[in-house]
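Chain by chain, the residues:
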There are 2 protein chains.
Amino acid sequence: MNYPNKKKAVKKQNNYANLGMTLESDIDLTNQYYLSHQIAVIHKKPTPIQVVDVSYPARNKAKIVEAYYRTPSTTDFNGLYKGRYIDFDAKETNSKTSFPFSNIHEHQIRHLSEIDAHGGIAFLIIGWSQYNEYYLITIKDLLPLWEAAKSGGRKSVAYSFFKTNCQLIPFGFQPRLDYLKVVDQLIQLHL
Amino acid sequence: MNYPNKKKAVKKQNNYANLGMTLESDIDLTNQYYLSHQIAVIHKKPTPIQVVDVSYPARNKAKIVEAYYRTPSTTDFNGLYKGRYIDFDAKETNSKTSFPFSNIHEHQIRHLSEIDAHGGIAFLIIGWSQYNEYYLITIKDLLPLWEAAKSGGRKSVAYSFFKTNCQLIPFGFQPRLDYLKVVDQLIQLHL
């Protein structure tokens, strides 16, 4: 039997799920490559979870039976590259025209600003799934746009802004998403 | 009625629980002080948890109903101080004479060694609850002892080693456990 609409809906859902996972797993693979080749030590932080109840069905194996996801207070990734502190988050958008600020938490912006103020390298990786393009945008570039949005300005960053002002991250086989190539340029420019 | 043995056992258990929480929460309070006084940006990483099953009893509120604690692949704390990458873990011992290596995971030692090799500042904070003393031991100092232990040598670090070779961390009201004072000395000595 043929249920075209139903099939389409399922397929779309799968695609969305993969998109989100792909960027994170591409970065994880990249970080594994950086670590095993002694290029950098950058890890994803665990997802923060509030544990409410734990049971002990077997020895030495606590089973969490009630817990909730918490809003992260910082970013997903941080680490060390050439003696420098690196801190970033990764976001993906399905839009062809703009990256909405609603995708970023305010405390993540605040955290990245603090990192920048203390001499770290702070940025976001924005994936444009419609174009298969990944851009690195520094908090220095993002912050003025964010503050303008808070004061009633545009609530998103145009794709054209990334095209014009941000560096495209090379995508390949190994490493998958070589964002440290862009970080190298930032270091050369003294950020 | 009087059950002296039972009472004693319960009291001891409570003390152990408090000891573990005290060091971690003292460090959390210290990190909050550092952050709010714009001294450093250092956070505790979330505890890694493997989520197996999630239910959705109410809108927008996922409830985790089966999950398990995972072994951390890195350390508990990392961040940024004076443009430098800081990475450490905190352990407490109830012993009066030695800190057993069984308190540290091998991958934590490996991680701290990688941080050291890439130009970060890597150490452990060891709390001696019997003395109310907290020492900072760098991975540079710890690694030879760890490797000797792996080759059949002593499976612990003597309290006297800390007394002689490591810096005592000042303990006070605010900040509670001022470990960056010791880090300052490490920076001056070029680690």
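Here, the structure is the one placed above.
Description of the structure in this document. On a predicted model such as this, the values are computed, not experimentally measured, just so you know.

## Some thoughts on the relation of the copies chain B and chain A
- Of the transformation superimposing chain B on chain A, the axial component is 0.0 Å and the angular component is 180°, with the fit at an RMSD of 0.0 Å. Look at the turn and shift together and you get a two-fold axis relating the two.

## Focus: the pairing of strand β4 (residues 77–81) of chain B
All names here are of chain B.
- Most of β4 sits out of view: five of its five residues are buried.
- The alternating pattern of β4 places F77, G79 and Y81 on one face and N78 and L80 on the opposite face, and all of these are buried.
- In this structure, strand β1 (residues 40–44) lies alongside β4, joined through five bridges in antiparallel fashion. What sits directly across from V41, in β4, is L80.
- Here β4 pairs with strand β5 (residues 84–93) via five bridges, running antiparallel. Residue pairing in the sheet places Y81 in a bridge with R84 of β5.
- Connecting the antiparallel pair β4 and β5 is a turn made up of two residues, with K82 showing a positive phi of about 50°.

## Thoughts on the pattern of salt bridges
- Tallied over the full model, the rule gives 12 salt bridges over all chains.
- With its nearest N and O atoms 2.9 Å apart, the salt bridge here joins K140 of chain A to D116 of chain A. Taken as a pair, K140 of chain A in helix α3 (residues 139–150) and D116 of chain A in helix α2 (residues 106–117) lie far apart in primary sequence, 24 residues in all.
- Judged by relative accessible area, which is 43%, K140 of chain A ranks as partly exposed.
- With a closest N to O distance of 2.8 Å, E106 of chain B and K150 of chain B form a salt bridge. Taken together, the residues span a long stretch of sequence, with E106 of chain B in helix α2 (residues 106–117) and K150 of chain B in helix α3 (residues 139–150) at a distance of 44 residues.
- By relative accessible area, E106 of chain B is classed as partly exposed at 39%.

## Section: the sheet that holds β4 of chain B
Residue and element names in this part refer to chain B.
- Pairing within the open sheet is mixed, and its six strands lie in the order β1-β4-β5-β7-β8-β10. Each edge of the open sheet carries a strand with a single partner, namely β1 and β10 (167–168).
- Of the pairings in the sheet, the one linking strand β7 (residues 121–128) to strand β8 (residues 133–138) comprises six bridges and is antiparallel in character. When the sheet's bridge partners are listed, F123 is paired in β8 with T138.
- Helix-sheet contacts for α3 involve β7 and β8, and the interaxial angle to β8 is about 80°.
- Its contacts with the sheet place helix α5 (residues 179–188) against β1, β4, β5, β7, β8 and β10, and it is angled at close to 140° to β7.

## A look at the interface of chain B and chain A
- Every contact between the two is made by 35 residues of chain B and, on the other side, 35 residues of chain A.
- Carbon and sulfur atoms supply 69% of the area that chain B and chain A bury against each other, a total of about 2,900 Å² over both sides.
- Interface area lost by chain B to chain A is led by I64, L80 and H118 of chain B, which between them contribute 22%.
- In this assembly, chain B and chain A are joined by zero salt bridges.
- The interface formed by chain B and chain A includes five residue pairs in polar contact (both at pLDDT 80 or more).
- Element by element, the count of residues in the side of chain B that touches chain A is highest for strand β3 (residues 61–69) of chain B, at nine residues.
- Among the residues making up the side of chain B that touches chain A, the classes are represented as 18 nonpolar, 11 polar and six charged.

## Considerations on the sheet that holds strand β3 (residues 61–69) of chain A
- Across the sheet, which stays open at both edges, the four strands sit in the order β2(A)-β3(A)-β3(B)-β2(B) with antiparallel pairing between neighbours. On the outer flanks of this sheet lie β2 (49–58) of chain A together with β2 (49–58) of chain B, each paired with one strand and no other. Here the strands of the sheet are splayed against their neighbours by 25° on average, with no regard to which way each runs.
- With seven bridges joining them, β2 of chain B and β3 of chain B adopt antiparallel strand pairing. Across the sheet, residue V51 of chain B finds its bridge partner in β3 of chain B, namely A67 of chain B.

What counts, and at which threshold
Residues numbered from 1 in each chain as written. Chains lettered and ligands numbered in written order. Predicted model: local features only at pLDDT ≥ 70, side-chain atom pairs only at ≥ 80, totals over all residues. Heavy atoms only, no water. Least-squares fit on C-alpha atoms with pLDDT ≥ 70 in both. Buried < 20%, exposed > 50% of the residue type's maximum accessible area, 1.4 Å probe, protein only. Helix = DSSP H or I, 4+ residues; strand = E, 2+ residues; numbered from the N terminus. Pairing = 2+ DSSP bridges. Salt bridge = Lys/Arg side-chain N within 4 Å of Asp/Glu carboxyl O. Contact = heavy atoms within 4.5 Å. Axes fitted to C-alpha atoms, helices over the stretch in contact; angles between N-to-C directions. Buried area = accessible area lost by both parts, 1.4 Å probe. Polar contact = N/O pair within 3.5 Å; in protein donor to acceptor, adjacent residues only side chain to side chain. Nonpolar A, V, L, I, M, F, W, Y, C, P; charged D, E, K, R; others polar.

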